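A closer look at the structure
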Amino acid sequence: MKRRSFLASSLALPAFSLVGCGDSGSSGELPAGPGPGSGGNGQPGNQVVGFFEHGVASGDPLDDRVILWTRVTAALPTETSVPVQVLVSRQPDLSQPQVFTATAEADSDFCVKVDATGLASDTWYYYAFRCGPNVSPVGRTRTFPAPDQRVRRARFATVSCSNLPYGHFSVYNALAKVDERDLDFVLHLGDYLYEYEPGTYDDPAAVPNRVHEPANEILSLSDYRVRHGQYKRDPDLQAAHQQYPMICIWDDHEIANDAYMDGAENHDPATEGDWETRKQAAIRAYFEWMPVRDFGADSQRLWRRFRYGDLIDLWMLDTRIEGRDAQASLPFGPERTDPDRKLISDAQMNWLTDGLTSSGSLWKMIGQQVMFGQLNLAELPQPELISEQLPYGTTQQGLNMDQWDGYTASRTRILDAIEQNNVENVVVFTGDIHTSWANEIYRNPASVVGDLFAPEALAVEFVCPSVTSPGFPAGLAELAAVAVRTTNPHVKYAELQTRGFILMDVDRFGAQAEFHYVASIADETRKGELDTGKRKLVKVAAKQPGQRYRLITDNLTPSRPRTTQTSLLAPAATPEHQQELAAVMGAVHSLESVV
């Protein structure tokens, strides 16, 4: 890096678009100016005013911008405002950077979230934060191709359900291996953290040193902030965030188990206070601590759309909070089919169906929380044995009322939009249930005289395994997988026990889901190690005339990473990059002192 040009850029900062962490999401110009601990010319100076203990993250990439996130740990407890610079460059050494300015405010728990605008499309970038003499780790992120750009291929992963006291985040460790994974982005489909107190829904015998903070079920804004901070200190989660932009949605545990718009299974107003107060606290902490773009006055909105060139149109739904009615009390009867009950609001539904029917992209993909496909457990032998193993807090038998099965009118509206408008190549991504599934989506797959004999499925669904949260116990998992497929013939693959992730390799001919499983979440020495014997490949071919839209499970070949291209154009961010940047900044400080 040319120190003289770096210093010039550092001392003459233009105004840039800023999104304040936890604020309304409006963008505005914030010129560099003096602040606590600042040096000359309004720059963060030599005085130590803060540290970067929670890593860096990026998310919500568009074709000209991306959200960049960090959190400053203030050096003094009396600090209320800390100036921060963000350096963004196409080079991992951060030479010739664009420089953005921001302020870490106590009111936002010292989180910093910058919407870095004016970037080139379809480009990898590197970024770091500077606070006084300290610099953060160097992160790696990218912009998406422009919607009208023809794109040949994309690779991304889906993950969900990361419960810190249930095991090490071996899955995140595996994802962070850039040369092996070669991902363009990561979808986190919810349950990024869990709300429980220590001793509830954890595994201290296997991982005794992973205990939730604070030592109570989280209820207040302070509680949710502390819990987010604990997760963000995990080195494996930090590593995954450091290497890829992440597109995130919440599920229930970011607030409380089996949450809906007006309450939750795991919330008792008599002992835990007002539900709306708790929900607002959880949402505020989420927007502070996560690299997601907010919507200004619509401060609770998380549903949003992304376009990856002309290859992928991606809708990320909020099936949990924004418009969901309470879960049906019984798995059978008129309640779950009531046309007035909703899983998502009319506004979100219209946004989705209008988008699906008007999209010109090859693949129409939906990221969301709960299983979309029908799941019939009632016809299994001893269904209560299986329903007892569903995610914690679920008590229904036969059908899981927390899923789309409990809101059939909402699902029908989406299927109507797909079928009546001939929408092709629809893929649904799901988290929530700590198990792996590949489903074909029909209107009525329960009967052999139903839609299974139709020419093609309306959509397909890939449900990803958990990062750490438990599935079925050994022994029962294998038996249940066979039984589920027998009574649910639209389920083409089910693995109900092992933690892992899905790697999606998508091109103009097909979308291949590669289910990868980690060897252990209990053995810290095996973090990131994959159990290659359990890998499963499932593919759907892009719709062609005369060809059925169905899942393929046999005679598939694992995809190959773009190793040479990635190593040349977007190598992994490393600790050495941070060390080099720190050395340069030391020289800058020396020069600043005499300017």
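This text goes with the structure placed above it.
Residues numbered from 1 in each chain as written. Predicted model: local features only at pLDDT ≥ 70, side-chain atom pairs only at ≥ 80, totals over all residues. Heavy atoms only, no water.

What follows is about the overall build of the protein. Of the regular secondary structure elements, the protein holds 13 helices and 28 strands. When burial is assessed residue by residue, the protein has 62% of its 595 residues classed as buried. At a minimum sequence separation of 6, the contacts of the protein that also span at least 24 residues come to 74%. With an accessible surface of roughly 21,500 Å², the protein has 50% of that area assigned to carbon and sulfur atoms. (Helix = DSSP H or I, 4+ residues; strand = E, 2+ residues; numbered from the N terminus. Buried < 20%, exposed > 50% of the residue type's maximum accessible area, 1.4 Å probe, protein only. Contact = heavy atoms within 4.5 Å. Areas by Shrake-Rupley, 256 points an atom, 1.4 Å probe, with all protein chains shown as cover.)

Glancing now at the sheet that holds strand 20 (residues 363-367). By definition, the strands of a sheet pair up through backbone hydrogen bonds, in either a parallel or an antiparallel sense. Judged by pairing direction, the sheet is mixed, and its seven strands sit side by side in the order 18-19-20-21-23-22-24 without closing on themselves. Only two strands of the sheet have a single partner each, and these edge strands are strand 18 (304-308) and strand 24 (491-495). Taking each pair of neighbouring strands and ignoring which way they run, the sheet shows an average axis angle of 15 degrees. Note: strand 19 (residues 312-316) against strand 20, five bridges, orientation parallel. Counted as the bridge partner of aspartate 313 is lysine 364 from strand 20. On top of the sheet, helix 8 (residues 346-358) reaches strand 18, strand 19 and strand 20; it is set at about 170 degrees to strand 19, its chief contact. (Pairing = 2+ DSSP bridges. Axes fitted to C-alpha atoms, helices over the stretch in contact; angles between N-to-C directions.)

Take the packing of helix 8 against helix 10 (residues 408-420) next. Look at helix 8 against helix 10: their axes get within 9 Å of each other, and the N-to-C directions meet at 20 degrees. Judged by the inter-axis angle, helix 8 sits roughly parallel to helix 10. Between helix 8 and helix 10 the crossing geometry is right-handed. The segment helix 8 lies against helix 10, with Asp346, Met349, Asn350, Leu352, Thr353, Leu356 and Thr357 engaging Ser410, Arg413, Ile414, Ala417 and Ile418. Grouping the constituent residues of the contact of helix 8 with helix 10 by class yields six nonpolar, four polar and two charged. (Parallel < 35°, antiparallel > 145°, perpendicular 65-115°, else oblique. Left-handed = near helix turned anticlockwise from the far one by under 90°. Nonpolar A, V, L, I, M, F, W, Y, C, P; charged D, E, K, R; others polar.)

Judged by nonpolar contacts, the single largest core of 83 residues is most densely connected at Ile312, Trp363, Met365 and Phe462. The biggest single contributor to this core is helix 7 (residues 275-289), with seven residues. When neighbours within four sequence positions are excluded, isoleucine 312 is seen to be in contact with Ala154, Phe156, Phe306, Arg307, Ser361, Trp363, Met365 and Val506. Ranked by size, the runner-up nonpolar core spans 23 residues in total, among them Leu317, Leu343, Ile414 and Ile418. (Core = buried A, V, L, I, M, F, W, Y, C linked by side-chain atoms within 4.5 Å.)

Attention shifts here to the pattern of salt bridges. This model, assessed by the stated rule, comprises 33 salt bridges. Between aspartate 505 and arginine 153 there is a salt bridge, with its nearest N and O atoms 2.7 Å apart. Of this pair, aspartate 505 sits in strand 25 (residues 500-507) while arginine 153 sits in strand 13 (residues 153-159), and the two are 352 residues apart along the sequence. Considered together, aspartate 505 and arginine 153 belong to a single accessibility category, that of buried residues. Across the pair arginine 233 and glutamate 213 runs a salt bridge, and its minimum N-O distance is 2.9 Å. Highlighted residues: arginine 233 in the loop between helix 4 (221-232) and helix 5 (235-243) and glutamate 213 in the loop between strand 14 (185-188) and helix 4, separated in sequence by 20 residues. Since its relative accessible area comes to 35%, arginine 233 is described here as partly exposed. Residue classification places glutamate 213 among the partly exposed residues on the basis of a relative accessible area of 34%. Residues participating in the shared-partner salt-bridge network are Asp122, Arg142, Arg153, Arg155, Asp182, Asp184, Asp505 and Arg562. (Salt bridge = Lys/Arg side-chain N within 4 Å of Asp/Glu carboxyl O.)

Let us look at the sheet that holds strand 4 (residues 56-59). Taken in spatial order, the ten strands make up an open sheet running 9-5-4-15-14-13-25-26-27-28, and their pairing is mixed. A strand with exactly one partner marks an edge of an open sheet, and here the two such strands are strand 9 (111-116) and strand 28 (551-552). Examined bridge by bridge, strand 14 and strand 15 (residues 245-248) share three bridges and lie parallel to one another. Paired with histidine 188 across the two strands is cysteine 248, which belongs to strand 15.

If you walk through the whole model with that rule in mind, you get 19 aromatic pairs. Grouping aromatic residues by their ring pairs yields a cluster made of Phe144, Phe156, Phe185, Tyr308, Phe429 and Phe462. Across the ring face of tryptophan 69, the terminal group of lysine 232 is positioned such that the distance to the ring centre comes to 4.9 Å. (Phe/Tyr/Trp six-rings, centres within 6.5 Å; stacked < 30°, edge-to-face > 60°. Lys NZ or Arg CZ within 6 Å of the ring centre and 35° of its normal.)

Omega for the peptide link from glutamate 213 to proline 214 comes to -10 degrees, which places this bond in the cis form. You can see proline 214 is positioned in the loop between strand 14 and helix 4. The phi angle at phenylalanine 110 is positive, at roughly 60 degrees, despite the residue not being glycine. By secondary structure assignment, the location of phenylalanine 110 is in the loop between strand 8 (98-105) and strand 9. In the Ramachandran plot, cysteine 161 falls in the positive-phi region, its phi being about 60 degrees despite a non-glycine side chain. With respect to the helices, strands and loops of the structure, cysteine 161 is situated in the loop between strand 13 and helix 2 (170-175).

Glancing now at the pairing of strand 25. The buried fraction of strand 25 is high, at seven of eight residues. Here strand 13 runs beside strand 25; their pairing, made up of six bridges, is antiparallel. Residue pairing for strand 25: phenylalanine 156 is matched across the bridge by methionine 504. The hairpin turn running from strand 25 into strand 26 (residues 510-517), its antiparallel successor, is two residues long.

The next point concerns helix 8. When the terminal C-alpha atoms of helix 8 are compared, their 18 Å separation across 13 residues agrees well with the 18 Å that a helix rising 1.5 Å per residue should span. By the burial criterion, the buried members of helix 8 are Gln348, Met349, Trp351, Leu352, Thr353, Gly355 and Leu356. Buried residues belonging to helix 8 abut strand 18, strand 19, strand 20 and helix 10. (Expected span 1.5 Å × (residues − 1).)

This next bit is on helix 5. Of the positions making up helix 5, those classed as buried are Asp236, Leu237, Ala240, His241, Gln242 and Gln243. By the N-cap criterion, in which a side-chain oxygen at the helix start approaches the backbone nitrogen of a residue two or three places on, helix 5 is capped by aspartate 234, the distance to aspartate 236 being 2.9 Å. (Polar contact = N/O pair within 3.5 Å; in protein donor to acceptor, adjacent residues only side chain to side chain.)

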